[in-house]
Amino acid sequence: MADENFTFAQLKATLKQLNLPIAGDKATLKKRLYSHDPSGAWRERARNMCVEDRQQTGGQAYTTRENSRLDPIEREMVSNLARDLERTRRENEIMQRRLEELRRERDMAAGRISVPSAANHAPSSMPRPTISALGELLSEFTGTEGIFENWRKQLELIRATYSLDDNNTRILIGMKLKRRALQWFHSKSKHLEMPVRELLNEMKKMFDHRPSKMELRRRFEKRNWRHDESFADYYYDKVILAGKVPVDEDDLR
């Protein structure tokens, strides 16, 4: 093999094997080799030198002879060898990962690694519904006599369940007030700003005028079954009236 046919990689590998500097162009490398060994014995070493590297595109190994100079059988052998090397590399990586997993499992079993508690992985709380959606859970309040206390309990339950602050609670109240109750709410601007607890107290003074037990008893007794209604409607009204004042079940008949 003539000097000119030595590849740059062969010259560098030969210099490296002789513990000589490898910097410089091809002519510099050959000059350095001749300076070290004027007899040219290094040429035999270079002929037998086979350098393997990785192609940047495929990561496949190739020899210093250009692939264009290989016959089809040699190219196929090189390609097969490269695939085998790549497969071996991947298998080694898988084995390393599996080995690391086994080590961690062993350490956890021995108590050297703490297992994360369930509290650290607790699911996040459900998002709070919109005020409009919460409005579907609260009945309307028109200021009708005798129902304010039940309506207030509904409101308090929704407020506690969804952790509503005063601002959102006032918005919810304003959405569900109708007729006389809504007119009263807008009659004073301070109703829009006062704390909810104080607002409910004002509403109680205005609308919670419940009749006496005697009056409720009279209403219950006066409710008779009319010929123009079904018995189901009559019985429903009697049950509602009975719920407002203690009445024995036998009296419903």
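Residues numbered from 1 in each chain as written. Predicted model: local features only at pLDDT ≥ 70, side-chain atom pairs only at ≥ 80, totals over all residues. Heavy atoms only, no water.

- Named according to an unreviewed UniProt entry, the chain is SAP domain-containing protein originating from Mycetomoellerius zeteki.

**Some details on the packing of helix α7 (residues 166–176) against helix α9 (residues 196–207)**
For step 1, the next point in the chain: Where α7 meets α9, the closest approach of the two axes is 10 Å, and the angle between their N-to-C directions is 30°. Between α7 and α9, the crossing angle belongs to the class labelled roughly parallel. Side by side, α7 and α9 meet where Asp 166, Thr 169, Arg 170 and Ile 173 of the first sit next to Val 196, Leu 199, Leu 200 and Met 203 of the second.
For step 2, the next point in the chain: Class assignment for the residues of the contact of α7 with α9 results in five nonpolar, one polar and two charged. (Axes fitted to C-alpha atoms, helices over the stretch in contact; angles between N-to-C directions. Helix = DSSP H or I, 4+ residues; strand = E, 2+ residues; numbered from the N terminus. Parallel < 35°, antiparallel > 145°, perpendicular 65-115°, else oblique. Contact = heavy atoms within 4.5 Å. Nonpolar A, V, L, I, M, F, W, Y, C, P; charged D, E, K, R; others polar.)

**Observations concerning the confidence of the model for the chain**
For step 1, the next point in the chain: Confidence in the prediction of the chain, expressed as mean pLDDT, is 75, and 75% of residues score 70 or more.
For step 2, the next point in the chain: Predicted confidence in the chain is weakest over strand β1 (residues 53–54), with a mean pLDDT of 39, and strongest over helix α6 (residues 148–161), with 88.
For step 3, the next point in the chain: In this model residues 50–66 is a low-confidence stretch, pLDDT under 50, and it forms 30 contacts with partners more than four residues away in sequence or in other chains.
For step 4, the next point in the chain: Counting interchain partners and residues more than four positions distant, the pLDDT-below-50 stretch residues 115–126 has two contacts. (pLDDT = per-residue confidence, 0-100.)

**Things to note about α6**
For step 1, the next point in the chain: Between its terminal C-alpha atoms α6 stretches 20 Å, which fits the 20 Å expected from 14 residues at 1.5 Å a residue.
For step 2, the next point in the chain: Residues Phe 148, Glu 149, Trp 151, Leu 155, Glu 156, Ile 158 and Arg 159 constitute the buried set of α6.
For step 3, the next point in the chain: Elements in contact with the buried residues of α6: α5 (131–135), α7 and α9. (Expected span 1.5 Å × (residues − 1). Buried < 20%, exposed > 50% of the residue type's maximum accessible area, 1.4 Å probe, protein only.)

**Structural notes on the nonpolar core**
For step 1, the next point in the chain: With 21 residues, the main nonpolar core has Phe 141, Trp 151, Ile 173, Leu 177 and Met 203 as its most contacted residues.
For step 2, the next point in the chain: Counting only elements with at least two residues in this core, the list comes to α5, α6, α7, α8 (179–185) and α9.
For step 3, the next point in the chain: Ranked by the residues each element gives to this core, the list is headed by α9, at five residues.
For step 4, the next point in the chain: Sequence-distant contacts of Met 203, defined by excluding residues within four places in its chain, comprise Phe 141, Phe 148, Trp 151, Ile 173, Leu 177, Trp 184 and Asp 208.
For step 5, the next point in the chain: Residues Phe 6, Leu 15, Leu 29 and Trp 42 belong to the second largest nonpolar core, which totals nine residues. (Core = buried A, V, L, I, M, F, W, Y, C linked by side-chain atoms within 4.5 Å.)

**Concerning helix α11 (residues 231–243)**
For step 1, the next point in the chain: With 13 residues, α11 extends 18 Å from end C-alpha to end C-alpha; this agrees with the ideal 18 Å at 1.5 Å per step.
For step 2, the next point in the chain: Turning to α11, its buried residues number three or more, namely Tyr 234, Lys 238, Leu 241 and Ala 242. Projected down its long axis, α11 shows its buried positions confined to an angular sector of 100°, all on one face. Relative to its buried face, α11 has exposed residues pointing more than 90 degrees away, namely Ala 232, Tyr 236 and Gly 243. (Arc of directions from axis to C-beta.)

**Description of unusual backbone geometry**
Generally, phi is negative for residues other than glycine and the peptide bonds are trans, each holding for most cases.
For step 1, the next point in the chain: We note that Asn 19 has phi near 60°; this positive angle belongs to a residue other than glycine.
For step 2, the next point in the chain: Within the secondary structure, Asn 19 sits in the loop between α1 (8–17) and α2 (26–36).
For step 3, the next point in the chain: On the basis of relative accessibility, which here comes to 72%, the residue Asn 19 falls in the exposed class.

**A word on the UniProt feature "domain: SAP" (unreviewed entry) in the chain**
For step 1, the next point in the chain: Per the UniProt record, "domain: SAP" (unreviewed entry) is found at residues 6–37.
For step 2, the next point in the chain: Helix makes up 66% of residues 6–37 and strand 0%, with an end-to-end C-alpha separation of 16 Å. (UniProt positions renumbered as here; feature names shortened; annotations may be inferred.)

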